[in-house]
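# Per-entry structural report
Below are the chains, spelled out letter by letter.
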Amino acid sequence: MVPGYLLVQYFRRKNYLETGRGLCFPLVKTCVFGSEPKVSDEVPLAPRTEPAETTATWQALKLLFCAAGLQASYLTWGVLQERVMTRSYGATATSPGERFTDSQFLVLMNRVLALIVAGLSCILCKQPRHGAPMYRYSFASLSNVLSSWCQYEALKFVSFPTQVLAKASKVIPVMLMGKLVSRRSYEHWEYLTAGLISIGVSMFLLSSGPEPRSSPATTLSGLILLAGYIAFDSFTSNWQDALFAYKMSSVQMMFGVNFFSCLFTVGSLLEQGALLEATRFMGRHSEFAAHALLLSICSACGQLFIFYTIGQFGAAVFTIIMTLRQAFAILLSCLLYGHTVTVVGGLGVAVVFAALLLRVYARGRLKQRGKKAVPVESPVQKV
């Protein structure tokens, strides 16, 4: 990252955009300077028109399709994530088996498949003219890789329900970063809901019941990793919001971020000599290979469902679906892996999700009154 940053500054100081020539000029121009869209290149998009036969029944079917796709993709992804990171492979009556420990390899598989899906979408569907300098994707990509790594590693030290609740409370650091970095102002109900989320998470963490032996206990290391996940993911969202000023599509953002993510994770795995070992583990355990592949498919398909749902029904409906998904994920994890939740912990979970739904309701009321609500987080690369 540092040599790349210094190289970008060198090209800018040398005014390379005006003086540069040769075979490398197009590559340097794309990576360092980007291309400002010309007026003649900007084709106004026609407003989306619903066909005449569109009915309430058809809209309900589309909403059901979006909700089912999101729930299936991310619930399956959550179950597999916990299975891969907390259970052994190859266990027999005489051998306890072995666990997969390299989270970076899982991040790489997710990013490679997402890169392929985004690339195919860019080829098959018409996209706006790309104008962002390629190097600017690297910052969001690095923070996204680190947040994903923290997310996988945290499951070694905290239970899956704890991780889900920590992700649900991400609105708190996002508000703090918006206040400090962007000087944003917030409504009273936003501070109220953020406080309720903090109380609910505290109730859950302080009243956790006994966990099964195969499930990790919540430790300081796990909480630090969750804090790292929230911090890096908050930065990713804010940086992606800034990149959307270049008038790019969500699929182009997905491709650019995943391209650099693949470079970072491959370089890190090669430097540590872990890529070959992870590949050998996959060869020894075909069940792990199937789980890792399905994990990546769910991640990539989930991204496409996110884009389609927001495009068809807006961010409010999407937020409600994903909030319900988090509640279902906790319930499913408790049923499949034997996590216990006390009465106080259950009340804490209810407080968190009630606060999240209250935020959605308040945003909808503000929108109806014509007031400017706080921008919704970018949905790109949440997994």
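Residues numbered from 1 in each chain as written. Predicted model: local features only at pLDDT ≥ 70, side-chain atom pairs only at ≥ 80, totals over all residues. Heavy atoms only, no water.

### Details of the overall build of the protein
In terms of regular secondary structure, the protein is built from 15 helices and 0 strands. Split into buried and exposed, the 383 residues of the protein put 45% on the buried side. Relative to all contacts within the protein whose residues are 6 or more apart in sequence, the contacts with residues 24 or more apart total 85%. Accessible surface for the protein amounts to roughly 19700 Å². Of this, 68% is attributable to carbon and sulfur atoms. (Helix = DSSP H or I, 4+ residues; strand = E, 2+ residues; numbered from the N terminus. Buried < 20%, exposed > 50% of the residue type's maximum accessible area, 1.4 Å probe, protein only. Contact = heavy atoms within 4.5 Å. Areas by Shrake-Rupley, 256 points an atom, 1.4 Å probe, with all protein chains shown as cover.)

### Section: the environment of A118
Within the fold, A118 resides in helix α5 (residues 103–124). With 140 residues separating them in the primary sequence, A118 and N258 have C-alpha atoms 8.6 Å apart. In contact with A118, other than residues within four places in its own chain, are V251, M254 and F255.

### Here's the deal with the UniProt feature "transmembrane region" (unreviewed entry) in the protein
Feature annotation in UniProt places "transmembrane region" (unreviewed entry) on residues 189–208, 214–232, 253–276, 288–308 and 344–362, given in this structure's numbering. Helix makes up 96% of residues 253–276 and strand 0%, whereas the separation of the span's terminal C-alpha atoms amounts to 30 Å. Within the segment residues 288–308, helix and strand shares are 100% and 0% respectively, and the terminal C-alpha atoms sit 30 Å apart. (UniProt positions renumbered as here; feature names shortened; annotations may be inferred.)

### Section: helix α11 (residues 250–272)
Taking 1.5 Å of rise per residue, 23 residues should cover 33 Å, and α11 covers 33 Å from first to last C-alpha, within 8% of that figure. Of all the residues in α11, the buried ones are V251, Q252, M253, M254, G256, V257, N258, F260, S261, C262, T265 and L269. Where the residues of α11 are buried, they touch α5, α6 (137–154), α10 (220–243), α12 (274–284) and α13 (286–313). Downstream of α11 by a residue or two, G273 has a phi angle that is positive, lying close to 70°. (Expected span 1.5 Å × (residues − 1).)

### Side note on unusual backbone geometry
Positive phi, close to 60°, is recorded for K247, a residue that is not glycine. Relative to the elements of secondary structure, K247 occurs in the loop between α10 and α11. Judged by relative accessible area, K247 falls into the exposed class, the value being 62%.

### Quick look at the packing of aromatic side chains
What characterises a pair of aromatic rings is the spacing of the ring centres plus the angle enclosed by the ring planes. A full pass over the atoms with the stated rule returns 15 aromatic pairs. Ring plane angle 80° and centroid distance 6.4 Å describe the contact between F65 and Y308, whose orientation is recorded as edge-to-face. Here F65, found in helix α4 (residues 56–86), pairs with Y308, found in helix α13; they are 243 residues apart in sequence, far enough to count as distant. Y308 gets classed as partly exposed once you look at its relative accessible area, which sits at 33%. An aromatic cluster of three or more residues is present, and its members are Y89, F100, F105, F281 and F288. (Phe/Tyr/Trp six-rings, centres within 6.5 Å; stacked < 30°, edge-to-face > 60°.)

### A closer look at the nonpolar core
Formed by 55 residues in total, the largest nonpolar core has its most connected members in L70, F100, L106 and F288. No other element matches α4, which puts 8 residues into this core. In this structure, F288 is in contact with V84, Y89, F100, L106, F281 and M282, ignoring residues within four places of it in sequence. (Core = buried A, V, L, I, M, F, W, Y, C linked by side-chain atoms within 4.5 Å.)

### A word on α5
End to end, α5 covers 32 Å across 22 residues, agreeing with the expected 32 Å (1.5 Å per residue, within 8%). Measuring from the side-chain oxygen of the N-cap residue of α5 to the backbone nitrogen of Q104 gives 3.1 Å; that N-cap residue is D102. (Polar contact = N/O pair within 3.5 Å; in protein donor to acceptor, adjacent residues only side chain to side chain.)

### Comments concerning the packing of α5 against α6
Running from N to C, α5 and α6 point in directions that differ by 125°, and their axes come no closer than 9 Å. Considered as vectors, α5 and α6 are oriented oblique to each other. Considering how the two elements wind past one another, α5 and α6 form a crossing that is right-handed. On α6, the residues that touch S103, Q104, L106, V107, N110 and R111 of α5 are N144, V145, S148, W149, Y152 and E153. A breakdown of the residues in the contact of α5 with α6 according to their chemical character gives 5 nonpolar, 5 polar and 2 charged. (Axes fitted to C-alpha atoms, helices over the stretch in contact; angles between N-to-C directions. Parallel < 35°, antiparallel > 145°, perpendicular 65-115°, else oblique. Left-handed = near helix turned anticlockwise from the far one by under 90°. Nonpolar A, V, L, I, M, F, W, Y, C, P; charged D, E, K, R; others polar.)

### Re a nonpolar patch on the surface
On the surface, V112, I116, L120, I123 and L124 cluster together to form a nonpolar patch covering roughly 520 Å² of accessible area. Assignment of secondary structure puts I116 in helix α5. Given the relative accessible area of 46%, I116 is considered partly exposed. (Patch = residues over 30% accessible without salt bridge, like charges linked within 9 Å, V, L, I, M, F, W, Y side chains within 5 Å. Salt bridge = Lys/Arg side-chain N within 4 Å of Asp/Glu carboxyl O.)

### Structural notes on the side chain of T86
Relative to the assigned elements, T86 resides in helix α4. The class for T86 is buried, based on a relative accessible area of 3%. Within polar-contact distance, the side chain of T86 engages the backbone oxygen of E82 at 2.4 Å. Among the polar contacts made by the side chain of T86, one reaches the side chain of R87 at a distance of 2.9 Å.

### Concerning the environment of L75
Looking at where L75 falls in the secondary structure, it is placed in helix α4. The spacing of L75 and S333 is 258 residues in sequence and 9.4 Å in space, taken between C-alpha atoms. Residue contacts for L75: discarding those within four places in its chain leaves L70, R325, F328, A329 and L332.

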